[in-house]
Each structure stands twice: as C-alpha cells, then as structure tokens.
Amino acid sequence: MKRLLLFVLMCACMSSVFAQKKGDKVSKVVTSEIKWWGHKVVKTKATSHYGTIKLKSGKFNFDKTVLVDGEFVIDMRSLMVADLSGDDQVKLTNDLKGPTFFDVKKFPTATFHLKRIIPLANEEYNSTIVGDITIKGVRKTISFPANAHITQFTVEIESSKFSLNRRDFKVFYQSSMKDYFIKDEMEIQFKLSTEKVDNERPR
C-alpha cells in the first residue's frame, strides 16, 4: 500500500513538472484580421462572395524563449459579408450564420490550435503552419504556408490564402440542389501580431 501511494505521488509530481513545461510565458494577440472567400462552381465576380470574421482571443505559449504552441478562439457570430449591401448583405449573412451553414447559435466559436511552425525555404513564404482547426465540433489537422516572425515573445504571422473543404465541417445544404452550385473549397487568409509579454503562468 505504501509503495502504491509513493508511486501515485511520484506520478503527480511528474505531471506537475510536464504541465509547467507547457509554457511558462504567454504572448497575447493584440491585432488580427481574418478574411474569407466563397465561390459558386462557375467562378466569376458575380458568383463570388467575401467577408470578414473576428478573432475572439489568441495567445502563444512559450517555454522560456521557445514557442510551444498557440491557442485561438474565433467568434463565428461576427461573420460578415463585405461585398454586398442592404437586404442582400443581411440575407446572405443570416444564411451563413444559420443552421444550414455555420449554425452560430449552436456553435458560437471555432478554434485553432497551432502545433508547429516549420521553416520553409521559399521566396514568398518562410514557414509552414501546422495545427488543428475545429468548426461545428469537427476537428481537422491542416497546414498552410505563411510568413512568421518570432522575436523572443513577439509573434507576427501573415498566412497565404488557403482552402478548407466545407463538407469536412458539415457546412452544406441538406438534400438541396442549391449545394451543387457552391464550390466545396472556402478560402481563408489571416494576419495577426502579439504584444511583448513576459509574464509567468499561474502554477
């Protein structure tokens, strides 16, 4: 019994140590911009739409000066259509927020967990971002090119325009011919930057 208790205590201590290794400093995102594009199968200016969506919160975790990961929450209720105005803008925005597409009442946020930034030998982009994105409760691992600059606890990232398959996240009309006229790929592009923070994580 004593040996069992000693083993449990050792495991608890080790868990505490590894939990602290998650990152002892946090750098919070202070500026961000997220853009989206959607297209019909016949892709023309008249059949394409674009807009914005806001980041609710974002942070990068550091172990000393080494970036561990990043955690981001996207406010799906902030989704807006930018290429229309008046009633057309309101209608499409409401459609995208409704149960058929992003169902923001049931899923008010999406998340992205940045797991790795891999250096990339490319003239246009210097990194590949790898992480898990969760939309409507569905998580997928994705990767995309970006320009990433890290100076101690300051992070700046500007992504390429990359695609997500909306069907992977159950974003489609149910049993409707309308869905066949919409491209499965929705495009995203974002940029963000942090403030320089040197605070210890609570232990």
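The text that follows walks through the structure, step by step, so that each part is easy to find. (Residues numbered from 1 in each chain as written. Predicted model: local features only at pLDDT ≥ 70, side-chain atom pairs only at ≥ 80, totals over all residues. Heavy atoms only, no water.)

Overview of the overall build of the protein chain
1) Next: The number of helices and strands found in the protein chain is two helices and nine strands.
2) Next: Taken from the N to the C terminus, the helices and strands of the protein chain come in the order α-β-β-β-α-β-β-β-β-β-β.
3) Next: Of all 203 residues assigned to the protein chain, the portion counted as buried reaches 37%.
4) Next: Look at the contacts in the protein chain between residues 6 or more apart in sequence, and 58% of them connect residues 24 or more apart.
5) Next: About 12800 Å² of surface is accessible on the protein chain, with carbon and sulfur atoms providing 56% of the total. (Helix = DSSP H or I, 4+ residues; strand = E, 2+ residues; numbered from the N terminus. Buried < 20%, exposed > 50% of the residue type's maximum accessible area, 1.4 Å probe, protein only. Contact = heavy atoms within 4.5 Å. Areas by Shrake-Rupley, 256 points an atom, 1.4 Å probe, with all protein chains shown as cover.)

Some points on the layout of surface pockets
1) Next: Size it by volume and the largest pocket reaches roughly 970 Å³.
2) Next: It is strand S9 (residues 185-194) that contributes the most residues to the lining of the largest pocket, seven residues altogether.
3) Next: Residues that form the lining of the largest pocket fall into these classes: 31 nonpolar, five polar and nine charged. (1 Å grid on protein atoms, 1.4 Å probe; cavity = no way out; pocket = protein on both sides within 12 Å on 5 of 7 lines; lining within 4 Å. Points joined across faces, edges and corners; volume = space filled by probe spheres on them. Nonpolar A, V, L, I, M, F, W, Y, C, P; charged D, E, K, R; others polar.)

So, unusual backbone geometry
A negative phi holds for most residues other than glycine; trans holds for most peptide bonds.
1) Next: Located in the positive-phi region is lysine 64, a residue other than glycine, with phi close to 60°.
2) Next: Structurally, lysine 64 can be placed in the loop between strand S2 (48-63) and strand S3 (66-81).
3) Next: The phi angle at glutamine 152 is positive, at roughly 50°, despite the residue not being glycine.
4) Next: With respect to the element layout, glutamine 152 can be found in the loop between strand S6 (138-151) and strand S7 (154-159).
5) Next: Relative accessible area serves as the criterion here: at 46%, glutamine 152 is assigned to the partly exposed category.

Quick notes on the pattern of salt bridges
1) Next: Under the definition given, this model contains seven salt bridges.
2) Next: The shortest N-O distance in the salt bridge between arginine 166 and aspartate 184 comes to 3.4 Å. Of this pair, arginine 166 sits in the loop between strand S8 (162-165) and S9 while aspartate 184 is found in the loop between S8 and S9, placing the two residues 18 residues apart along the sequence.
3) Next: On the accessibility criterion, arginine 166 (3% relative accessible area) is buried.
4) Next: The salt bridge involving arginine 167 is made with aspartate 184; its shortest N-O contact spans 3.1 Å. (Salt bridge = Lys/Arg side-chain N within 4 Å of Asp/Glu carboxyl O.)

Here's the deal with the packing of aromatic side chains
1) Next: Inspection of every chain in the model, using the stated rule, returns six aromatic pairs.
2) Next: Judged by centre distance (6.3 Å) and plane angle (25°), the rings of phenylalanine 72 and phenylalanine 112 are stacked. Of the two residues, phenylalanine 72 is situated in strand S3 and phenylalanine 112 in strand S4 (residues 109-119); the sequence distance between them amounts to 40 residues.
3) Next: Under the relative-accessibility criterion, phenylalanine 72 is labelled buried at 6%.
4) Next: Three or more aromatic residues joined by ring pairs make a cluster, and in this case those are Phe60, Phe72, Phe112, Phe144, Phe162 and Phe190.
5) Next: Geometry around tryptophan 37 places lysine 161 over its ring, the cationic atom sitting 3.9 Å from the centre. (Phe/Tyr/Trp six-rings, centres within 6.5 Å; stacked < 30°, edge-to-face > 60°. Lys NZ or Arg CZ within 6 Å of the ring centre and 35° of its normal.)

Some details on the pairing of S2
1) Next: Here ten bridges tie strand S1 (residues 25-39) to S2, and the two strands are oriented antiparallel to one another. Paired with tryptophan 37 across the bridge in S2 is tyrosine 50.
2) Next: Where S2 lies against S3, eleven bridges are found, and the strand directions are antiparallel. Bridged to phenylalanine 62 within S3 is leucine 67.
3) Next: Remark: two residues form the turn of the hairpin made by S2 and S3, two consecutive strands paired antiparallel; lysine 64 in that turn has positive phi of roughly 60°. (Pairing = 2+ DSSP bridges.)

Looking at helix H2 (residues 86-97)
1) Next: Between its first and last C-alpha atoms H2 spans 17 Å; for twelve residues at 1.5 Å apiece the expected length is 16 Å, and the two agree.
2) Next: Every buried residue belonging to H2 is among Leu92, Thr93 and Leu96, and all of these are buried. Here the buried residues of H2 occupy an arc of 100° about the axis, which is enough to place them on one side. In H2, the exposed positions angled more than 90 degrees off the buried face are occupied by Asp87 and Lys91.
3) Next: Along its buried surface, H2 packs onto S1, S2 and S3. (Expected span 1.5 Å × (residues − 1). Arc of directions from axis to C-beta.)

Digging into the environment of asparagine 147
1) Next: Inspection of the secondary structure puts asparagine 147 in strand S6.
2) Next: Asparagine 147 sits in the partly exposed class, given a relative accessible area of 25%.
3) Next: A C-alpha to C-alpha distance of 5.7 Å links asparagine 147 and isoleucine 157, two positions ten residues apart in sequence.

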